[in-house]
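Coordinate analysis (summary)
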Amino acid sequence: MDMEKVRLGIIGIGNMGSGHANSIVEGKVPEMELAAVADLRESRRAWAKESLPETVRIFEEGDELIDSGCCDAVLVATPHYDHPRLVVKALEKGLHAISEKPAGVYTKQVREMNEAAAKSDRVFAVMFNQRTNHVYRKMKEIVGSGEYGQIKRVNWIITDWYRSQAYYNSGGWRATWAGEGGGVLLNQCPHNLDLLQWICGMPVKVQAFCHNGKWHDIEVEDDVTAYMEFANGATGVFVTTTADAPGTNRFEVTMERGKLVCENDSLSFYELDQNEREYCFTTKEGFEKPAGHYVELSTDGENLQHIGVLRAFVDRILHNGPLVAEGVEGINGLMLSNAMHLSSWLERPVSLPVDEDLFLEQLNRRKQSSKQKKQVQEVTFDTKGSYGTKSNNE
């Protein structure tokens, strides 16, 4: 492709969009330049006029930015419901597109976006920046090698992001069924759910308990416990909330010949000398565990986060390099959160893939009774340091 730099337009310059804009202006993605931004809020357009270079064009509507012809690619960082629509329009206009997480609110909508992407020759990516983390990349390498047998158990307790009521009051769309489409599962956890399926594969059955407004004055879930079953018989538990302090971030994967534990950005691996399934049925001992030892793991130490995703996006456009996450993969983690919501709403286990029509019917019921927040104090928070090995939110 005959271009020296990719001209990027960012649609939505709230918490995440403004962070991306600053990174590009600061030259952290060398082959990309910021050409335009768009935001429905006058306050954010005023920020852009004051804070960004004069060469950056400012639009009110994302559609206007896409139609302007001033960009080669767009980054969609709007409230979740608009991600698929804007990505589809960008692709149809011949622009490359990258979506912030989640890919959308419901899989039926995202599936339509993926179908549009399949018809396009443009690059489509999703902002799964946690896949750049060397710790999670090492976990995927070990689990995926097959050297340590099948997965037996998966546990992730991810409760170490705290959100106050002020956070939820910072935008009328936040934490409402009509505005956001969900709570902690859809805003804080898309990265974790993506990593869980990326490393361990998709479960086939989910039973979840989602508590709406348990700890905050909101209408969506802020406390979740989910049980999962996988095709090979493995089981898992996923626990999350935005109300625990100090909270926990512990991700365990137990296999037939070892156990990985990722906690607070540190990874440990205990390797068994013999496959536990074989040992179980051959040992003469009744209580003694199979012998094993801790293995010292080495990684490349890289954790480029959003910058790494954007650099890969540009590299694919200009040089046909690999993406961190193909856009079509965004449906997988969303399928998990949809399954957890649907299970909780129906008060029974649900199989995956979810019944997309039933999910949308149930979601629409909640949207009809959804209420805009009465007490809103608009704030754009600085997200620097808020993601680390956990997640980030818009």
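Look a little higher up for the structure.
Values in this document were obtained by computation on a predicted structure and should not be read as measured data. (Residues numbered from 1 in each chain as written. Predicted model: local features only at pLDDT ≥ 70, side-chain atom pairs only at ≥ 80, totals over all residues. Heavy atoms only, no water.)

1. Observations regarding the nonpolar core
- Residues F238, F251 and M340 are the most contacted members of the largest nonpolar core, which totals 84 residues.
- Sorting elements by how many residues they give to this core places helix α12 (residues 330-346) first, with eight residues.
- Residues V123, M127, F313 and L323 belong to the second largest nonpolar core, which totals 29 residues. (Core = buried A, V, L, I, M, F, W, Y, C linked by side-chain atoms within 4.5 Å. Buried < 20%, exposed > 50% of the residue type's maximum accessible area, 1.4 Å probe, protein only. Helix = DSSP H or I, 4+ residues; strand = E, 2+ residues; numbered from the N terminus.)

2. Section: the side chain of S23
- Here S23 is to be found in helix α1 (residues 15-25).
- Sequence-distant contacts of S23, defined by excluding residues within four places in its chain, comprise K28, V29 and I307. (Contact = heavy atoms within 4.5 Å.)

3. Side note on helix α2 (residues 42-51)
- All of the buried residues in α2 are R44, R45, W47 and A48. Here the buried residues of α2 occupy an arc of 155° about the axis, which is enough to place them on one side. Opposite its buried face, α2 presents the exposed residues E42, K49 and E50, each directed more than 90 degrees away.
- Residues of α2 that are buried sit in contact with α1, β2 (32-38) and β3 (57-59). (Arc of directions from axis to C-beta.)

4. A few points about the sheet that holds strand β4 (residues 73-76)
- In space, the six strands of this open sheet follow the order β3-β2-β1-β4-β5-β6, with parallel pairing throughout. Each edge of the open sheet carries a strand with a single partner, namely β3 and β6 (124-126). Ignoring which end each strand starts from, the neighbouring axes of this sheet average 25° apart.
- When β4 meets strand β5 (residues 96-99), the two strands line up parallel, connected through four bridges. Residue pairing for β5: V74 is matched across the bridge by A97. (Pairing = 2+ DSSP bridges. Axes fitted to C-alpha atoms, helices over the stretch in contact; angles between N-to-C directions.)

5. Topic: the packing of aromatic side chains
- If you walk through the whole model with that rule in mind, you get eight aromatic pairs.
- Measuring from centroid to centroid gives 5.3 Å for W345 and F359, while their planes differ by 25°, and the two rings are stacked. A residue pair is termed long-range when its members are at least 10 positions apart, and W345 in helix α12 and F359 in helix α13 (residues 356-368) qualify at 14 residues.
- Among the aromatic side chains, those forming a connected cluster through ring pairs are Y136, W156, F238 and F251.
- One cation-aromatic arrangement involves R163 over Y167; the distance from NZ or CZ to the ring centre is 5.2 Å. (Phe/Tyr/Trp six-rings, centres within 6.5 Å; stacked < 30°, edge-to-face > 60°. Lys NZ or Arg CZ within 6 Å of the ring centre and 35° of its normal.)

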